[in-house]
Amino acid sequence: MSIPECYTDIDLYLNDTLQFLKEFRWIFTTSNTEFIVHGTLHQIPSEWVPTIDSLSLDDLNEIPFDYIKDSWPISLQAFLTRLKKLKPSRVEIPINSEQSLKEELTFLRGIKPKKIHEIYKLSEEISRCCCGISNESTVFVDLGCGIGHLTQFLHRKFEYKVLGIEADAARVKTARNIQKNKFSASQVSVKFAEHFVGSDSASFMQSVSAKEFSLSASADLILTGLHACADLTVDALNLFLRTANVKKLIIMPCCYHKMKYKENCTDQFENVPLSRRVKSAPWVEDIVNRPFLRLAGQQTAARWRNNTESEHTEHGRNMFVRGVIQAVLSQDETVIKSKQMTSQSGDSNCPLERILGQYTLIDKLTKEEKMWSSSQKSKLENLLKTYPNGSFRTRQSAESGHIVSACIPERES
């Protein structure tokens with residue numbers, strides 16, 4: 001990705017982006033399950049609500065793709081126009097021929113389709129970036145390799161020498177067993193090592209690569225990784241910048257919300273933001289938190305685009321139920337989704353009992369199941385009156401008397 005074509009100055013782009021995020025932080029700085037707890041629905045501009053409630057299925061599905069109507073409120077049009085302007089430019093990676101893909105899918109049999117897609121796309125990008133390198137004197141290092149899917153695929157497809165590094169001893173053992181049983185021909189060119197990767201892992205990578213592949217300790221290394229979770233991507237960046245024989249870094253990060261906090265701090269991250277420009281913004285700490293970082297790991301808008309009306313309705317209903325449940329929990333309680341309707345479910349025709357029956361109440365400290373209290377049931381009943389059928393009507397002020405409702409599809413009567 002790169003900055004949008006309408007910007008030529010990175011500082012101006014970052015400033016505009018941060019200003020936009022500051023203005024609309026109410027959308028993303030609380031957990032999805034806490035949108036009722038924090039009153040997020042009440043922060044939706046009142047003039048947006050009639051438009052949101054009356055959206056057709058096609059309009060709803062196209063909004064993430066820069067779709068704007070002149071009949072919509074000026075403030076909503078301005079929001080979407082600014083969002084469109086700030087979207088980074090995307091570069092699509094070309095994929096191989098259909099026949100080649102079918103052959104490779106046979107090799108990857110048993111792996112989930114999502115993981116196959118990720119392995120395939122990342123490996124194609126690695127090949128594109130590493131065109132012309134010497135396979136004999138270069139080692140590809142797969143950081144956080146798991147049980148070795150990408151590790152084996154890189155060797156099979158491009159004949160690379162690959163060192164898979166994984167912190168979990170059980171996964172390393174599994175990777176070696178899979179290699180022995182399925183990919184025995186790769187044992188000379190594919191190796192696995194147990195190690196927790198950090199910014200100081202250069203000497204480990206150099207010594208193991210030299211030993212396993214009979215190369216010099218200064219042999220070229222290329223770092224990669226699929227689902228480089230949390231701070232692993234930052235560690236990989238530091239290794240790339242500080243280690244002379246690490247020539248390239250091609251990595252696919254994930255789980256940004258799991259990045260570590262600063263020592264003795266619960267609201268500032270050790271490695272976010274990395275950019276000096278962003279870090280210097282006076283309000284950046286009001287923007288960057290776990291719910292914000294989690295957004296980067298969400299599914300793409302492409303899936304939203306193909307949702308049916310019933311899928312939107314079901315998703316909205318599930319979000320609403322989880323939200324009202326969260327609103328009646330204490331700090332030492334959590335819930336898990338019930339596998340079946342419990343004895344507390346009661347009359348399935350009663351919305352209250354139907355909602356409670358979907359979740360099991362758990363004590364965080366003892367990990368034991370609890371019964372829903374009469375106080376919690378009373379709170380839930382009041383919430384269901386405030387948000388009938390997943391919408392709400394409340395006076396924002398005595399002067400305005402606006403009627404506001406949530407963007408959660410209502411059940412048809």
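This text follows the structure it describes.
Residues numbered from 1 in each chain as written. Predicted model: local features only at pLDDT ≥ 70, side-chain atom pairs only at ≥ 80, totals over all residues. Heavy atoms only, no water.

**Q** What's the story with helix α7 (residues 149–158) in this structure? I'm lost.
**A** Spacing of three or four residues puts side chains on the same side of an α-helix, whose turn is 3.6 residues. Most of α7 sits inside the fold, with 8 of its 10 residues counted as buried. Of the residues making up α7, those classed as buried are L150, T151, Q152, F153, L154, H155, K157 and F158. (Buried < 20%, exposed > 50% of the residue type's maximum accessible area, 1.4 Å probe, protein only. Helix = DSSP H or I, 4+ residues; strand = E, 2+ residues; numbered from the N terminus.)

**Q** Would you explain the state of the cysteines in this entry?
**A** Think of a disulfide as a covalent bridge from one cysteine sulfur atom to another cysteine sulfur atom. Summed over all chains, the structure comprises 0 disulfides. C130 takes part in no disulfide bond, and the closest cysteine sulfur, belonging to C129, lies 6.1 Å away. Judged by relative accessible area, which is 2%, C130 ranks as buried. (Disulfide = S-S within 2.5 Å.)

**Q** What is the right way to look at the packing of helix α6 (residues 113–129) against α7 in this model?
**A** The geometry of a pair of packed helices is captured by two quantities: the angle between their axes and the separation between those axes. Closest axis-to-axis distance for the α6/α7 pair is 10 Å, and the angle between their directions is 50°. By the angle between their directions, the pair α6 and α7 is classed as oblique. Considering only the axes of α6 and α7, their crossing is right-handed. Across from K115, I119, Y120, L122, S123, E124, I126 and S127 in α6, the residues of α7 making contact are H149, L150, F153, L154, K157 and F158. Each residue belonging to the contact of α6 with α7 can be placed in one class, and the counts come to 8 nonpolar, 3 polar and 3 charged. (Axes fitted to C-alpha atoms, helices over the stretch in contact; angles between N-to-C directions. Parallel < 35°, antiparallel > 145°, perpendicular 65-115°, else oblique. Left-handed = near helix turned anticlockwise from the far one by under 90°. Contact = heavy atoms within 4.5 Å. Nonpolar A, V, L, I, M, F, W, Y, C, P; charged D, E, K, R; others polar.)

**Q** Explanation requested: the pairing of strand β1 (residues 138–143) in the structure shown.
**A** Residues in a regular strand point their side chains to alternate faces of the sheet. Most of β1 is tucked away: 6 of the 6 residues are buried. Burial along β1 is two-sided: T138, F140 and D142 and V139, V141 and L143, pointing in opposite directions, are all buried. Note: β1 against strand β4 (residues 220–229), 5 bridges, orientation parallel. When the sheet's bridge partners are listed, D142 is paired in β4 with T224. Taken together, the 5 bridges between β1 and strand β2 (residues 161–166) define a ladder with parallel strand orientation. By the bridge assignment, F140 is partnered in β2 with V162. Of the crossover connections in this fold, the one passing from β1 over α7 to the parallel β2 is right-handed. (Pairing = 2+ DSSP bridges. Right-handed = clockwise from strand over helix to strand, strands pointing away.)

**Q** Please explain the packing of aromatic side chains as it appears in this structure.
**A** Here the distance between the centres and the angle between the planes together describe a pair of aromatic rings. Across all of its chains, the model carries 11 aromatic pairs by this definition. Ring centres of Y7 and Y13 lie 5.1 Å apart, and the angle between their planes is 70°; this geometry places the pair in the edge-to-face category. Taken as a pair, Y7 and Y13 share a single burial class, namely buried. Pairing Y67 with W72 gives two aromatic rings, centres 5.8 Å apart and planes at 80°, and the pair type is edge-to-face. Residue Y67 is classed as partly exposed on the basis of its relative accessible area, which comes to 27%. Taking relative accessible area as the criterion, W72 reaches 6% and is therefore assigned buried. Through successive ring pairs, a cluster of aromatic residues spans F20, F24, W48 and F79. Geometry around W283 places K22 over its ring, the cationic atom sitting 4.6 Å from the centre. (Phe/Tyr/Trp six-rings, centres within 6.5 Å; stacked < 30°, edge-to-face > 60°. Lys NZ or Arg CZ within 6 Å of the ring centre and 35° of its normal.)

**Q** Mind showing me how you'd approach the pattern of salt bridges here?
**A** When the charged atoms of two side chains lie near each other, side chains of opposite charge can form a pair. For the structure on display, the rule yields 11 salt bridges. For R277, the salt bridge is made with D11, and the minimal N-O distance between the two is 2.4 Å. With R277 in helix α11 (residues 276–279) and D11 in helix α1 (residues 10–23), this pair connects stretches of sequence that are 266 residues apart. Between K87 and D66 there is a salt bridge whose closest N-O contact spans 2.9 Å. Taken together, the residues span a long stretch of sequence, with K87 in the loop between α4 (74–86) and α5 (98–107) and D66 in the loop between α3 (57–62) and α4 at a distance of 21 residues. (Salt bridge = Lys/Arg side-chain N within 4 Å of Asp/Glu carboxyl O.)

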